[in-house]
Amino acid sequence: LNTMQPQILLADDHSMIRKGIKILCEHNLGYKGVEEVTNCNELMRSLARTKFTHLILDINLSDGNSLEILPNIRNLYPELKIIILSMQPAEIYTRAMRRLGISQYIAKSAPEEETILLLRQFLNGDHSARRKKDAGLANPFDGFTTRELQVLHYLLKGMGSVAIGKALNIKWNTVSTMKKSIYSKTNTENILQLKELASLFGVN
């Protein structure tokens, strides 16, 4: 039995996902009082208000990509344990997550038994949670920098360089440079080809 109950924050913008993870944490694993937020702003407010020990975090939230605020979260709350919960393939974010000291990942498509196992490992302090292995085709998105992943996210939403620059608070010509790098790394020539490739590898 745990002598100290972890303080768990769950950040995901899909109500059914939140409900399912909360049930697993509270009813299957016995961890009570899981708090929920749906976007980056709520996430930062909750972290400032309560001393959470564990954060279960989706990559894409309703008001942005959590990769944009993760460095800030890491600086402000270095002791906070974080696990990524996402539909995105784990391999794409491996480098970015490793840089931020995050080694644990749960795929939303994982079977319930695997999700329970990974949550138990995470909440019990076991950092050896199993990771998905590379399989089949080499993933062209593996090895993207954090900033390239952020730009990619907005590109796939159909946003132009100026809009992406405003969203990420960077110059539009920096975005243009990132776009060239993204097209080069994926061997694509336009947004249509990039979207098709992203769809093939389950990236959005």
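Residues numbered from 1 in each chain as written. Predicted model: local features only at pLDDT ≥ 70, side-chain atom pairs only at ≥ 80, totals over all residues. Heavy atoms only, no water.

**Student:** Tell me about the overall build of the protein chain, and name the residues and values.
**Tutor:** Of the regular secondary structure elements, the protein chain holds nine helices and seven strands. Here the C-alpha atoms of the protein chain give a radius of gyration of 17 Å, agreeing with the 17 Å that 2.2 N^0.38 yields for 204 residues. Per-residue burial over the protein chain gives 49% buried out of 204 residues. For the protein chain, restricting intrachain contacts to residue pairs at least 6 apart in sequence, the fraction spanning at least 24 positions comes to 67%. Put simply, the protein chain shows about 10,700 Å² of open surface, and 52% of that area lies on carbon and sulfur atoms. With 26 positive and 20 negative side-chain charges, the protein chain shows a separation of 5 Å between the mean positions of the two kinds. (Helix = DSSP H or I, 4+ residues; strand = E, 2+ residues; numbered from the N terminus. Rg over C-alpha atoms; globule rule 2.2 N^0.38 Å. Buried < 20%, exposed > 50% of the residue type's maximum accessible area, 1.4 Å probe, protein only. Contact = heavy atoms within 4.5 Å. Areas by Shrake-Rupley, 256 points an atom, 1.4 Å probe, with all protein chains shown as cover. Lys, Arg positive; Asp, Glu negative; His and termini not counted. Charge placed at Lys NZ, Arg CZ, Asp CG, Glu CD.)

**Student:** Residues and numbers for the packing of helix α7 (residues 161–168) against helix α8 (residues 172–186), please.
**Tutor:** Geometrically, a packed helix pair is captured by the angle between its two axes and the distance between the axes. At a minimum axis distance of 8 Å, the contact between α7 and α8 shows a crossing angle of 110°. Of the possible angle classes, the one that applies to α7 and α8 is roughly perpendicular. Of the residues in α8, those touching α7 at Ser161, Val162, Ile164 and Gly165 are Trp172, Val175, Ser176 and Lys179. Here the contact of α7 with α8 is built from residues that sort into four nonpolar, three polar and one charged. (Axes fitted to C-alpha atoms, helices over the stretch in contact; angles between N-to-C directions. Parallel < 35°, antiparallel > 145°, perpendicular 65-115°, else oblique. Nonpolar A, V, L, I, M, F, W, Y, C, P; charged D, E, K, R; others polar.)

**Student:** Explain the sheet that holds strand β6 (residues 81–86) residue by residue, including any values.
**Tutor:** Spatially, five strands are ordered β2-β1-β3-β6-β7 in an open sheet, and the strand pairing comes out parallel. Each of the sheet's edge strands pairs with one partner strand only, and the pair in question is β2 (35–37) and β7 (105–107). Mean inter-strand twist for the sheet, computed between neighbouring axes without regard to direction, equals 20°. In the packing of helix α5 (residues 112–123) onto the sheet, the strands contacted are β1 (8–11), β3 (54–57), β6 and β7, and the crossing angle to β3 comes to about 145°. (Pairing = 2+ DSSP bridges.)

**Student:** Can you tell me about the side chain of His54, naming the residues and giving the values?
**Tutor:** Looking at where His54 falls in the secondary structure, it is placed in strand β3. A relative accessible area of 5% means that His54 is categorised as buried. Not counting residues within four places of it along the chain, the set of residues in contact with His54 comprises Pro6, Gln7, Ile8, Leu9, Leu80, Lys81, Phe122 and Leu123.

**Student:** Account for the pairing of β1, naming residues and giving values.
**Tutor:** Residue alternation in β1 divides its side chains into two sets, Ile8 and Leu10 and Leu9 and Ala11, and both sets are buried. The sheet contact formed by β1 and β3 spans four bridges and is parallel. Across the sheet, the residue bridging to Leu10 is Ile56, located in β3. A crossover links β1 with its parallel partner β2, the connecting element being helix α1 (residues 15–28), and its sense is right-handed. (Right-handed = clockwise from strand over helix to strand, strands pointing away.)

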